[in-house]
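# Structural overview for review
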Amino acid sequence: MKGGRAEMCKEVEEYVKEKLSYMIMNVLKKKKNQNMTNEEILTYIMEAYDLSEEEAKAYIKSAQL
């Protein structure tokens, strides 16, 4: 039973990370369409999603903004 619980926790954690990434990418696109600068978007997602600067920059880079 214990092994099954650990596997389930791992799967839930992966699902949450995927969902969070999806949400952040959508926000990046919307903010860019609102003519926000990359610096403004960086600050916004750092505050809204409690990201480090490095994490936020990685999202911006992957979104190719």
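Thresholds, definitions, all that
- Residues numbered from 1 in each chain as written.
- Predicted model: local features only at pLDDT ≥ 70, side-chain atom pairs only at ≥ 80, totals over all residues.
- Heavy atoms only, no water.
- Axes fitted to C-alpha atoms, helices over the stretch in contact; angles between N-to-C directions.
- Helix = DSSP H or I, 4+ residues; strand = E, 2+ residues; numbered from the N terminus.
- Parallel < 35°, antiparallel > 145°, perpendicular 65-115°, else oblique.
- Left-handed = near helix turned anticlockwise from the far one by under 90°.
- Contact = heavy atoms within 4.5 Å.
- Nonpolar A, V, L, I, M, F, W, Y, C, P; charged D, E, K, R; others polar.
- Expected span 1.5 Å × (residues − 1).
- Buried < 20%, exposed > 50% of the residue type's maximum accessible area, 1.4 Å probe, protein only.
- Arc of directions from axis to C-beta.

## Remarks on the packing of helix α2 (residues 38-49) against helix α3 (residues 53-62)
Between α2 and α3, the shortest axis-to-axis distance is 9 Å and the interhelical angle comes to 125 degrees. The orientation of α2 with respect to α3, classified from their angle, is oblique. As for the relative orientation of α2 and α3, their crossing is right-handed in sense. Where α2 approaches α3, its residues N38, I41, L42, I45 and M46 are matched on the opposing element by E53, A56, K57, Y59 and I60. Taken together, the residues that form the contact of α2 with α3 break down as seven nonpolar, one polar and two charged.

## Brief notes about α2
The terminal C-alpha atoms of α2 lie 16 Å apart, and with twelve residues this matches the ideal 16 Å at 1.5 Å per residue to within 8%. Within α2 the residues assigned to the buried category are I41, L42 and I45. In a view along the axis of α2, the buried residues occupy a sector of 105 degrees, so they form one face of it. The outward face of α2, more than 90 degrees from its buried face, is lined by the exposed residues E39 and E47.

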